[in-house]
Amino acid sequence: TEKVDLEFYGLVDYNENAAEIISARVSGRIDKLYLKYRFENISKGEKLMEIYSPELVTAEKDLLFLLANDEQNNSLIESAKQKLIFLGISELQLNELLKNKKAASTITIYSSYSGHIHQSGDKSPMRNMEPVMNQSAQITEPLSLKEGMYVEKSQSLFMIYNTDDAWVLANIFPDQQPYIHR
């Protein structure tokens, strides 16, 4: 096959099919936010925030009460554990609760994905980039979430774009199409 150099206009963008959303699984107050800016790189398992949730504290105390006063009631104890998992507590956090026998006042939210962090609702963040002069301002733009703010259950908090999978969106003229291959 013949090798041909082509020039065309386009841009590199995130694959929106590889984007993931992190949502709050409990309502509560953000006590600690480990992220501050858009485009921060995060890894799977990294801490994102700590949320104080009265609902979570109550569920933890319910489980501890059952363990202390009705330890033979396996179905209720398993239901209480399952409720905590549905509220977003990890297996490690559950095991720590069972070991320490003390309800934690906050739940730590960990990232389930790796990539760049964005506000939830940012659509095609690369398309919104201004010319090179303004890129540093956008990259260091603070997230709108702050410590002390309240979040609602199922509220979308962050969008994470996988940086390993990108698209090239190019304007290719009809006479250039025969030279383009996957």
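Everything here concerns the structure above.
In short, a report on the structure. Note that this is a predicted model, so its numbers are computed, not measured.

Calculation rules
- Residues numbered from 1 in each chain as written.
- Predicted model: local features only at pLDDT ≥ 70, side-chain atom pairs only at ≥ 80, totals over all residues.
- Heavy atoms only, no water.
- Helix = DSSP H or I, 4+ residues; strand = E, 2+ residues; numbered from the N terminus.
- Buried < 20%, exposed > 50% of the residue type's maximum accessible area, 1.4 Å probe, protein only.
- Contact = heavy atoms within 4.5 Å.
- Areas by Shrake-Rupley, 256 points an atom, 1.4 Å probe, with all protein chains shown as cover.
- Pairing = 2+ DSSP bridges.
- Arc of directions from axis to C-beta.
- Core = buried A, V, L, I, M, F, W, Y, C linked by side-chain atoms within 4.5 Å.
- Axes fitted to C-alpha atoms, helices over the stretch in contact; angles between N-to-C directions.
- Parallel < 35°, antiparallel > 145°, perpendicular 65-115°, else oblique.
- Left-handed = near helix turned anticlockwise from the far one by under 90°.
- Nonpolar A, V, L, I, M, F, W, Y, C, P; charged D, E, K, R; others polar.
- Salt bridge = Lys/Arg side-chain N within 4 Å of Asp/Glu carboxyl O.

With that out of the way, let us pick up the overall build of the protein. Along the protein, the regular secondary structure elements total four helices and ten strands. When the helices and strands of the protein are listed from N to C terminus, the series reads β-β-β-β-β-α-α-α-β-β-α-β-β-β. By residue count, 33% of the 182 residues in the protein fall in the buried class. Long-range contacts, defined as pairs at least 24 residues apart, comprise 82% of the intrachain contacts of the protein with a sequence gap of at least 6. Surface summary for the protein: the accessible area is close to 11800 Å², and the carbon and sulfur share equals 51%.

Pairing is antiparallel across the open sheet formed by four strands, whose spatial order is S2-S9-S7-S4. Both outer strands of the open sheet, strand S2 (19-23) and strand S4 (41-42), are each paired with one neighbouring strand and no more. As judged from the four bridges shared by strand S7 (residues 115-119) and strand S9 (residues 156-161), these two strands associate in the antiparallel manner. The residue bridging histidine 116 from the neighbouring strand is tyrosine 161, located in S9.

Of all the residues in helix H3 (residues 91-100), the buried ones are Gln93, Leu94 and Leu97. In a view along the axis of H3, the buried residues occupy a sector of 100°, so they form one face of it. Across from the buried face of H3, at angles greater than 90 degrees, the exposed residues are Glu91, Leu92 and Lys99. Its buried side turned inward, H3 meets helix H1 (54-69), helix H2 (74-86) and strand S6 (106-110). Looking one or two residues past H3, lysine 101 carries a phi angle of roughly 55°, positive in sign.

A few words on the environment of leucine 11. Counting through the fold element by element, leucine 11 comes out in strand S1 (residues 9-14). The class for leucine 11 is partly exposed, based on a relative accessible area of 35%. With 159 residues separating them along the chain, leucine 11 and alanine 170 place their C-alpha atoms 6.4 Å apart.

What follows concerns the nonpolar core. Membership of the largest hydrophobic core comes to 31 residues, with the highest contact counts inside it found for Met49, Leu84, Leu145 and Phe158. Sorting the residues of this core by element identifies strand S3 (28-33), strand S5 (47-52), H1, H2, H3, S6 and S9 as the ones contributing at least two each. Take this core: its biggest share by element is five residues, from H1. Apart from the residues within four sequence positions on either side, leucine 145 is in contact with Ile30, Leu33, Met49, Gln119, Val151, Leu157 and Phe158. By size, the runner-up hydrophobic cluster in this structure holds five residues, among which are Tyr14, Phe39, Met159 and Tyr161.

Next up on the list: the packing of H2 against H3. The interhelical angle for the contact between H2 and H3, taken along N-to-C directions, is 135°, at an axis separation of 10 Å. Relative to H3, H2 is oriented oblique. Crossing of H2 over H3 shows right-handed handedness. The residues of H3 that touch H2, namely those facing Lys81, Leu84 and Ile85, are Glu91, Leu94, Leu97 and Leu98. The class makeup of the residues in the contact of H2 with H3 is five nonpolar, no polar and two charged.

All right, on to the pattern of salt bridges then. Under the counting rule described, the total for this entry stands at five salt bridges. The salt bridge involving glutamate 78 is made with lysine 81; its shortest N-O contact spans 3.5 Å. On the criterion of helical spacing, the pair formed by glutamate 78 and lysine 81 is a turn pair, its members being three residues apart in helix H2. Note on glutamate 78: relative accessible area 45%, which makes it partly exposed.

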